[in-house]
Amino acid sequence: MRLTVLSPHRDDAAFSLTLALRRWAGAGVEITVFNFFTRSAYAPYAPAAGDVPAIRAREDRRSLKSIGAQIRVHSLSLLDAPVRLPINFGAITNIEAFSPLAEEVDFLSHQMWAKCRNALVLAPLALGDHIDHRTVHRAALRAAGAHCLGFYEDLPYAAWTDEASIRKRVSRAEAQLGVRLFPALQQSAAWRLKERVISHYHSQIDAGMARTIARYSEKYKGAERIWVPLHSARWRAILNL
Ligand SMILES: [Zn+2]
């Protein structure tokens, strides 16, 4: 069984799915994390003169390795939004200010098409509206077959997104895919384990934010929630592991 996680930046997969990935890795699922916008200058907690992409790559390797030693990582080495796009940092989560660029969505969907064949795919719901997350979300809707595509709740943004907004984003994906999505909870180890795993991202978050992200799973009784097609035997199989 193969699963590909689409991670806009080096940390989204671990922030959002540590508990589920750990469970599936332990059950022998072949997991690939596909990182997109990995050339970044964003590292609010790193030493000022550090090589940010190298620091973030190291953090990601350590974190994903502690989730599952066999997890594979592919990175596209694209520039992230503040470096790549003609918008200021404050506008990257402003849905009115900037929409995903058609040529970027095309490019990413082609990359996904090549890499995600024969795999179940988990894409971000793009909660929080970060432009890089919206671009990956839109490309996934275009590239992946309706029955192989599921969605995860982007953290930390999900922690301050209300349930109605999450449901609205899910409904929009359902309309575009033409399938019903249902919420699935993957119970796993305690949130404290997740806190330890994501604490590897020293350059991105402080201890308080690591705790906020990890404790989000308490909302779902110790699970992370994903949204998957209602009538998919392959998704049912992975959820039953
Ligand atoms: Zn991100």
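This text gives an overview of the structure that appears in the document. The model shown is predicted, which means the values in this text are computed figures rather than measured ones. (Residues numbered from 1 in each chain as written. Predicted model: local features only at pLDDT ≥ 70, side-chain atom pairs only at ≥ 80, totals over all residues.)

**Thoughts on the environment of T32**
Phase 1: Relative to the helices and strands, T32 resides in strand 2 (residues 30-35).
Phase 2: Take T32: there are 18 C-beta atoms within 10 Å of it, and that puts it in the partly exposed class.
Phase 3: The contacts of T32, once residues within four sequence positions are left out, are T4, R72 and H74. (Helix = DSSP H or I, 4+ residues; strand = E, 2+ residues; numbered from the N terminus. Buried ≥ 20, exposed ≤ 12 C-beta atoms within 10 Å, placed from the backbone. Contact = placed C-beta atoms within 7 Å.)

**Considering the sheet that holds strand 4 (residues 120-124)**
Phase 1: Across the sheet, seven strands lie side by side as 3-2-1-4-5-7-6; this open sheet has mixed pairing. Each edge of the open sheet is held by one strand with a lone partner, namely strand 3 (72-75) and strand 6 (181-187). For this sheet, the mean inter-axis angle between neighbouring strands, taken without regard to orientation, is 25°.
Phase 2: Relative to strand 5 (residues 149-152), strand 4 is paired through four bridges, and the arrangement is parallel. The residue bridging A123 from the neighbouring strand is F151, located in strand 5.
Phase 3: On top of the sheet, helix 6 (residues 163-177) reaches strand 5, strand 6 and strand 7 (223-229); it is set at about 120° to strand 6, its chief contact. (Pairing = 2+ DSSP bridges. Axes fitted to C-alpha atoms, helices over the stretch in contact; angles between N-to-C directions.)

**Looking at the nonpolar core**
Phase 1: Ranked by size, the top nonpolar core spans 63 residues in total, and within it L3, V5, L6, V121, L122 and A140 carry the most contacts.
Phase 2: If we ignore the near neighbours within four places in the chain, the residues touching V5 are A13, L17, I31, V33, F34 and L122. (Core = buried A, V, L, I, M, F, W, Y, C linked by C-beta atoms within 7 Å.)

**Focus: the pairing of strand 2**
Phase 1: Direction of pairing for strand 1 (residues 2-7) relative to strand 2: parallel, over a ladder of six bridges. Opposite L6, over in strand 2, you have F34 as the bridge partner.
Phase 2: Handedness of the strand 1-helix 1 (residues 12-26)-strand 2 crossover: right-handed.
Phase 3: Sheet topology note: the strand 2/strand 3 ladder contains four bridges and is parallel. For T32, the partnering residue across the bridge sits in strand 3 and is R72. (Right-handed = clockwise from strand over helix to strand, strands pointing away.)

**Focus on the pairing of strand 7**
Phase 1: Taking burial as the measure, the seven residues of strand 7 include five buried ones, the bulk of the element.
Phase 2: Sheet analysis places strand 5 next to strand 7, joined by two bridges and oriented antiparallel. The residue bridging Y152 from the neighbouring strand is I226, located in strand 7.
Phase 3: By the bridge criterion, seven bridges tie strand 6 to strand 7 in an arrangement that is antiparallel. In the strand pairing of strand 7, Q186 is matched with E224.

**Quick notes on unusual backbone geometry**
Phase 1: Residue L155 is joined to P156 through a cis peptide bond whose omega torsion reads 10°.
Phase 2: For P156, the location among the structural elements is in the loop between strand 5 and helix 6.
Phase 3: Of note, S77 is a non-glycine position whose phi angle comes to about 55°, a positive value.
Phase 4: Relative to the helices and strands, S77 is located in the loop between strand 3 and helix 3 (81-84).
Phase 5: By the C-beta count within 10 Å, which is 11 here, S77 ends up exposed.

**Focus on the packing of helix 7 (residues 191-198) against helix 8 (residues 207-215)**
Phase 1: Contact pair helix 7 / helix 8: the axes reach a minimum separation of 8 Å and the direction vectors enclose 135°. Regarding the angle of helix 7 to helix 8, the classification is oblique. Helix-helix and strand crossings are classified by hand; for helix 7 and helix 8 the assignment is right-handed. Together, W191, K194, E195 and I198 of helix 7 and A210, R211, I213, A214 and R215 of helix 8 make up the contact between the two elements.
Phase 2: Here the residues of the contact of helix 7 with helix 8 sort into five nonpolar, no polar and four charged. (Parallel < 35°, antiparallel > 145°, perpendicular 65-115°, else oblique. Left-handed = near helix turned anticlockwise from the far one by under 90°. Nonpolar A, V, L, I, M, F, W, Y, C, P; charged D, E, K, R; others polar.)

Any link to function would need more than the numbers given here.
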